Amino acid sequence: MLRVHFTSEDLARVRVAPGPDFLWEISNSVQTLQRRDGERVFGAWRRWVRPRLSDTPRLLSSLLPPRGYSPDFLTPTTGDRATLQAALDTLMSTPRPRLRTDLTHLAASFQLPSWVGSLAGGDTDSLRRLGGALGTYQREALAPYWQRVHAHIDADRAVRLHSLLDGGTEGLLNGLGPQFRWRPPVLEVAYPVDQQLRLCGRGLVLQPSFFCWPTPITLADGDLPPVLVYPIHHAADWAGTAAPAPAPGSRSSDGAGPLGPLLGHTRAGILRATRTGCSTVEAARLLAVTHPAVSQHLNVLRAAGLVATVRKAGRSFHIATAEGRALLAAEERAGSSPERGA
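Quick caveat, the model's predicted, so the values are computed rather than measured.

## Remarks on the pattern of salt bridges
And step 1. All chains considered together, the criterion is met by eight salt bridges.
And step 2. One salt bridge in this structure joins Asp102 and Arg98, with 3.0 Å as the shortest N-O distance. Within this pair, Asp102 and its partner Arg98 are both found in helix α7 (residues 96-107), separated by four residues, close to a single helical turn.
And step 3. Asp221 is the partner of Arg98 in a salt bridge, and the nearest nitrogen-oxygen pair spans 2.7 Å. You can see Arg98 sitting in helix α7 and its partner Asp221 sitting in the loop between β7 (217-218) and β8 (227-231), a full 123 residues away along the chain.
And step 4. The class of Asp221 is partly exposed, set by a relative accessible area of 23%.

## As for helix α2 (residues 22-33)
And step 1. Taking 1.5 Å per residue, twelve residues should reach 16 Å; α2 reaches 16 Å between its end C-alpha atoms and fits that length.
And step 2. For α2, a buried count of twelve out of twelve residues is recorded, marking the element as mostly surrounded by other parts of the structure.
And step 3. Buried within α2 are the following residues: Phe22, Leu23, Trp24, Glu25, Ile26, Ser27, Asn28, Ser29, Val30, Gln31, Thr32 and Leu33.

## A word on the nonpolar core
Nonpolar side chains in soluble globular proteins tend to be buried together.
And step 1. One finds Trp45, Leu63, Leu130 and Tyr137 to be the most contacted residues of the largest nonpolar core, which totals 42 residues.
And step 2. Elements represented by at least two residues in this core include exactly α2, α3 (39-49), α5 (60-63), α6 (84-92), α7, α8 (115-120), α9 (124-142) and α10 (146-174).
And step 3. With seven residues, the single largest contributor to this core is α9.

## Some points on the packing of α3 against α9
And step 1. Between α3 and α9, whose axes approach to 10 Å, the crossing angle comes to 115 degrees. Here α3 contributes Trp45, Trp48 and Val49 to the contact with α9, which in turn contributes Tyr137, Glu140, Ala141 and Leu142.
And step 2. For the contact of α3 with α9, the residue count by class is six nonpolar, no polar and one charged.

## Remarks on the packing of α2 against α3
And step 1. Running from N to C, α2 and α3 cross one another at 90 degrees; their axes reach a closest spacing of 10 Å. Here α2 is positioned roughly perpendicular relative to α3, judged by the angle of their axes. In contact with Ser29, Thr32 and Leu33 of α2, α3 contributes Phe42, Trp45, Arg46 and Val49.
And step 2. Its residues assigned to classes, the contact of α2 with α3 shows four nonpolar, two polar and one charged.

## A short note on the pairing of strand β4 (residues 186-189)
And step 1. Where burial is concerned, the two faces of β4 agree: the one with Val186 and Glu188 and the one with Leu187 and Val189 are both buried.
And step 2. Note that strand β3 (residues 180-183) and β4 share four bridges and pair antiparallel. Following the sheet pairing, Arg181 is matched in β4 by Glu188.
And step 3. As consecutive antiparallel partners, β3 and β4 are separated by two residues.

## Notes on the sheet that holds strand β2 (residues 14-16)
And step 1. Within the open sheet, the four strands sit side by side as β2-β6-β8-β7. Their pairing is mixed. Where the open sheet ends on each side, the last strands, each with one partner, are β2 and β7.
And step 2. On the sheet, α2 packs against β6 (204-209), β7 and β8 and is oriented at approximately 55 degrees with respect to β6.

## Thoughts on the confidence of the model for the chain
And step 1. Of the residues in the chain, 88% reach a pLDDT of 70 or more, and the chain-wide mean stands at 85.
And step 2. Contacts of residues 239-261 to residues separated by more than four positions or lying in other chains number 60 contacts, the stretch itself having pLDDT below 50.
And step 3. Overall, residues 337-342 carries pLDDT values under 50, and its contacts beyond four positions in sequence, including any with other chains, amount to zero contacts.

## Thoughts on the side chain of Ser209
And step 1. As for its placement among the helices and strands, Ser209 is situated in strand β6.
And step 2. Ser209 gets classed as buried once you look at its relative accessible area, which sits at 0%.
And step 3. Here Glu25 takes part through its side chain, which lies 3.1 Å from a polar atom of the side chain of Ser209.
And step 4. Ignoring anything within four residues of it in the chain, the contact list for Ser209 reads Glu25, Asn28, Ile153, Val229, Tyr230, Pro231 and Ile232.

## Looking at the environment of Glu323
And step 1. Relative to the helices and strands, Glu323 is located in helix α15 (residues 322-336).
And step 2. Note on Glu323: relative accessible area 2%, which makes it buried.
And step 3. With 19 residues separating them along the chain, Glu323 and Ala304 place their C-alpha atoms 9.2 Å apart.

Cut-offs applied
Residues numbered from 1 in each chain as written. Predicted model: local features only at pLDDT ≥ 70, side-chain atom pairs only at ≥ 80, totals over all residues. Heavy atoms only, no water. Salt bridge = Lys/Arg side-chain N within 4 Å of Asp/Glu carboxyl O. Helix = DSSP H or I, 4+ residues; strand = E, 2+ residues; numbered from the N terminus. Buried < 20%, exposed > 50% of the residue type's maximum accessible area, 1.4 Å probe, protein only. Expected span 1.5 Å × (residues − 1). Core = buried A, V, L, I, M, F, W, Y, C linked by side-chain atoms within 4.5 Å. Axes fitted to C-alpha atoms, helices over the stretch in contact; angles between N-to-C directions. Contact = heavy atoms within 4.5 Å. Nonpolar A, V, L, I, M, F, W, Y, C, P; charged D, E, K, R; others polar. Parallel < 35°, antiparallel > 145°, perpendicular 65-115°, else oblique. Pairing = 2+ DSSP bridges. pLDDT = per-residue confidence, 0-100. Polar contact = N/O pair within 3.5 Å; in protein donor to acceptor, adjacent residues only side chain to side chain.

Okay, here's the thing in structure tokens:
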């Protein structure tokens, strides 16, 4: 079990990361790719990815075994909304003592290939090789799915927002799921080993992850910036290619404007309601339509890749995907543009 110890200052400094973290998703997915459990959620993705991976990304499995310890330096703190290149630059500038410490720890449990010795010594070519492998893996295994990954994490964040609004920070911690138990001032987390994380006023970043499986994960070194990565709830199977590209549209909260004719007035209104996240009940109340009608419209919006849904405690929360938000942004631009002509 992992026990995270909070002070009152830490409770005021808990936040949910604004989106997926490139290096956490890479690391978690490399581990998940080597496992056999989670077939319902990841089986189709594994079958799609395995024959498409080039030899370069395959070297990552030696650093990221499917179970047990993985090196902290592979998931550095890079700041909100960092690009993949910025994250890779941070990783490749890892100080030599950190490389040596982490890889020595890994070598105590796993037999490592010879090139890892050069990496542990901070060899520039080895670091570049690692950075190249991470970038290639992202392009081959995750990029075709990245918009969908982002949409699912956005939906999870909508759930966390509702928990925070309803119950404050303690409500947020209480609502993280069955793998978590809040016993003030300690958050107990299902974990494969016993570990203590004392925040000591530094706060905590909660990082939702699509590929984290099956339990939450944190850094082994408690002196590093505290982060707790947790698996999001996967409401349904997912597979295939990224969601379809957005279509052009327009604006208004009551369904008027070009979005109305394009999607239908009620469906357009539901899409607008999901911009910041809403439940089925809230959408039905806002638009004065029945719950079954809202559900039918949401099914169409999900199939089009415009909305993602996550379920918690019997309630469904819906959030516009990147494509859905792009459609709404196009609507706003159309609505704010002056009419042409005399």
